[in-house]
Amino acid sequence: MTGHIFGREREPKASGSGRKSKRGIVNMEYDLTARQKEILEKFTERVADISKSDWDSHYLTKWLYARNFDIVKAEEMLRASVKYREKMRIDHILEEYEVPEVLGKYLIGGMCGRDKEGLPIRIEPFGNLDMKGIMKSVKKTDLEKIAIRNCEQLLRECQYQSKVQDKRIDGYTLIFDMANFSRKMLWRPGLSVYIANAEILQNNYPEMQKRMFIINAPKVFPILWKLAQPIISENTKRKMKVLGKNYKEELLKYIDEDQLPVFLGGTMTGPNGDPLCSHKICHGGEVPESYYLDDSVASKTADRATISPGNDLKIECEIESPGSILSWNFKTEHKDIGFGITVKPEGSTKEKELIPVSRVDSQVLEQDGNIICEQAGKFSNSEESQHCKSNAPVNHRPCLVM
C-alpha cells in the first residue's frame, strides 16, 4: 500500500509544491544509463506542451521509473495526472479544503522525525483505524481529498527540508504499524476504499515513498497483501520490509533513536513525556456515532428510486457548453450497486464510456464526484443492481451542471 491516505501533518514554513529545484540545493539526480538518458530526452520533448517551470529532469525521471521507462505509458500517466490535478484543484487544496473534524481526530497517521538520510518519516498506526466509523461520517470525496492534501503537505515539507539541509529532499520513509490489528479490519468496503485511494496517490505522486517498514505484521497479513499487491508497482515492492514484533534493530539501521517515538523503540517524546507523540501522530480509535452522517436529513433533500434485480436506473443530462462540470451524489439504503457514466456526443448516435460501470459500496459510503465535460452531448449515469438479489432503494440528488 503506497501513497497512504491517513494522517495529521504540521504546517511547514515553506510554500509551493516542493518539486522546484532551488539555487544552492544539491541535486541528487538518478544515475541513468545512456539508454535511459536518451528516453528521458525524448520524454521531455513529448510532454513539452504541458510542462511547468519546476519540472526538471529529476522530476520527469520519476514518472519514467514508475512505468519502467516505457515512454508511452509514462506520458499517459503524466498527462492523466495533469488532468486529475486540474479536476481536483490540487494546486489550491491546502488553502481551500476544510478538513472535517472527524478526520482530524480519528484518521490515523502523521509526520514525525527524519531518517538518517534526512527524509521525513511518516507513521501510520493502522491497527487503530476505525474505517467503518470514518466511512459512516464523511463522503467519498472527503477521503480522496484528505489523501491528496496530506501528499501536498508532504511535498511542502520536503521543500522546507531541502532548504534546511541544503540538498534535494523529495520523498519519505513510512512506518506502517499493524499493532492491535483485528479481523474486523478485513471489512471489504473499508479495504476497497483504502486500496483505491492508495492507487490514486501512486498514480499522481510517483517514486515519493523511498522505503516502507510494515511492523507488527499479523498472521492475516498475507490476506491483505493478496488484495493490495496487484496495484503496487514493482519499484515500490522492492522498497518494502515486512517485520514482526522484533523490528527495533532494523528501524535503527535507518533512523536515529532521537528521531523515533518511544512507542516504536526510540527516545522521542511529545509534550509531558508523551511516548506516542500524539501532537504529531493521530492514533485513531473508535469514531463516536455522533459524527455519523444523518441519512434521514439526506433523504429529505434527495430524489428516491428503487432498482429491481437485474435492472438499472439511467439519468440523462444534456450538456450544451464544453468545459461544464457534471456532479453526482447518491446513497443506497441496503445494497451495493454498479455505477458508471457515458456520453453520446452531439451529432453522434454512439455512446462513449467515460466511467466504466463498477461496483460501489453506496450502502456504506455516500458516493459523490464530478467530471469536466470536454464536449457537448447527452451524458447518462447508470446505476445497476446486477450485484443484488433484492430491490435496491436509492436516494440521489439530481445531476448538477456548472
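Read on for a plain summary of the structure. Computed from a prediction, not measured in an experiment: that's the story for all the values here.

Before going further, it helps to examine the side chain of Arg122. Tracing the backbone shows Arg122 in strand β2 (residues 120-125). A relative accessible area of 3% means that Arg122 is categorised as buried. Reaching out from Arg122, the side chain makes a polar contact with the side chain of Glu124 at a distance of 3.0 Å.

All right, on to the packing of helix α7 (residues 140-165) against helix α8 (residues 188-204) then. Each packed pair of helices is defined by two parameters, the angle between the axes and the distance between the axes. Here α7 crosses α8 at 40 degrees, and the two axes come no closer than 10 Å. The angle between α7 and α8 places the two elements in the oblique class. At the point where α7 passes α8, the crossing takes the right-handed sense. On α8, the residues touching Leu143, Glu144, Ala147, Ile148 and Cys151 of α7 are Val193, Asn197, Ile200 and Leu201. Tallied by class, residues from the contact of α7 with α8 come to 7 nonpolar, 1 polar and 1 charged.

The subject of this paragraph is the nonpolar core. Core analysis: the biggest nonpolar cluster contains 55 residues, and Leu103, Ile134 and Leu143 have the highest contact counts within it. Apart from residues lying up to four places away in sequence, Leu143 is in contact with Leu103, Met131, Ile134, Met135, Val138, Val193, Asn197 and Leu365. Grouped together as the second largest cluster of nonpolar side chains are 18 residues, Ile50, Ala66, Phe69 and Ile71 included.

Residues that lie three or four places apart on an α-helix share one face, since the helix turns once every 3.6 residues. For helix α3 (residues 71-88), which comprises 18 residues, the first-to-last C-alpha distance of 26 Å matches the rise-based estimate of 26 Å (1.5 Å per residue) to within 8%. Regarding α3, the residues found buried are Ile71, Ala74, Glu75, Met77, Leu78, Ser81, Val82, Tyr84, Arg85 and Met88. Among the residues trailing α3, Arg89 stands out with phi positive, at a value near 50 degrees.

This brings us to the pairing of strand β9 (residues 337-345). Taken across its 9 residues, β9 has 8 buried, putting it largely inside the fold. Both β9 and strand β10 (residues 352-360) contribute to a ladder of 6 bridges, which runs antiparallel. Residue Ile337 lies in a different strand from β10, and its bridge partner there is Val360. Count of turn residues in the β9/β10 antiparallel hairpin: 6 residues, of which Gly347 carries a positive phi of about 85 degrees.

As a further point, take the sheet that holds β2. Pairing between sheet strands relies on hydrogen bonds along the backbone, with the strands arranged either parallel or antiparallel. Read from one edge of the open sheet, 5 strands run β1-β2-β3-β4-β5, paired in mixed fashion. Strands at the two margins of the open sheet, each flanked by one partner only, are β1 (110-114) and β5 (240-242). Averaged over all adjacent pairs, the angle separating strand axes in this sheet is 20 degrees, with direction ignored.

Right, let's talk about the packing of aromatic side chains for a bit. By the definition in use, this model includes 9 aromatic pairs. Ring centres 5.1 Å apart and planes at 75 degrees place the aromatic pair Tyr65 and Phe69 in the edge-to-face group. Given a relative accessible area of 12%, Phe69 falls into the buried group. Members of the aromatic cluster, each reached through a chain of ring pairs, are Phe126, Phe176, Phe181 and Tyr194.

Attention now goes to the packing of helix α1 (residues 34-46) against α3. Relative orientation of the contacting elements α1 and α3 amounts to 40 degrees, with a least axis distance of 11 Å. As judged from the angle between their axes, α1 and α3 are oblique. α3 is crossed by α1, and the crossing has right-handed handedness. When α1 is examined against α3, the residues Ile39, Lys42, Phe43 and Arg46 are found in contact with a partner set consisting of Ile71, Val72, Ala74, Glu75, Leu78 and Arg79.

Calculation rules
Residues numbered from 1 in each chain as written. Predicted model: local features only at pLDDT ≥ 70, side-chain atom pairs only at ≥ 80, totals over all residues. Heavy atoms only, no water. Helix = DSSP H or I, 4+ residues; strand = E, 2+ residues; numbered from the N terminus. Buried < 20%, exposed > 50% of the residue type's maximum accessible area, 1.4 Å probe, protein only. Polar contact = N/O pair within 3.5 Å; in protein donor to acceptor, adjacent residues only side chain to side chain. Axes fitted to C-alpha atoms, helices over the stretch in contact; angles between N-to-C directions. Parallel < 35°, antiparallel > 145°, perpendicular 65-115°, else oblique. Left-handed = near helix turned anticlockwise from the far one by under 90°. Contact = heavy atoms within 4.5 Å. Nonpolar A, V, L, I, M, F, W, Y, C, P; charged D, E, K, R; others polar. Core = buried A, V, L, I, M, F, W, Y, C linked by side-chain atoms within 4.5 Å. Expected span 1.5 Å × (residues − 1). Pairing = 2+ DSSP bridges. Phe/Tyr/Trp six-rings, centres within 6.5 Å; stacked < 30°, edge-to-face > 60°.

Read these as spatial facts, not as claims about activity.
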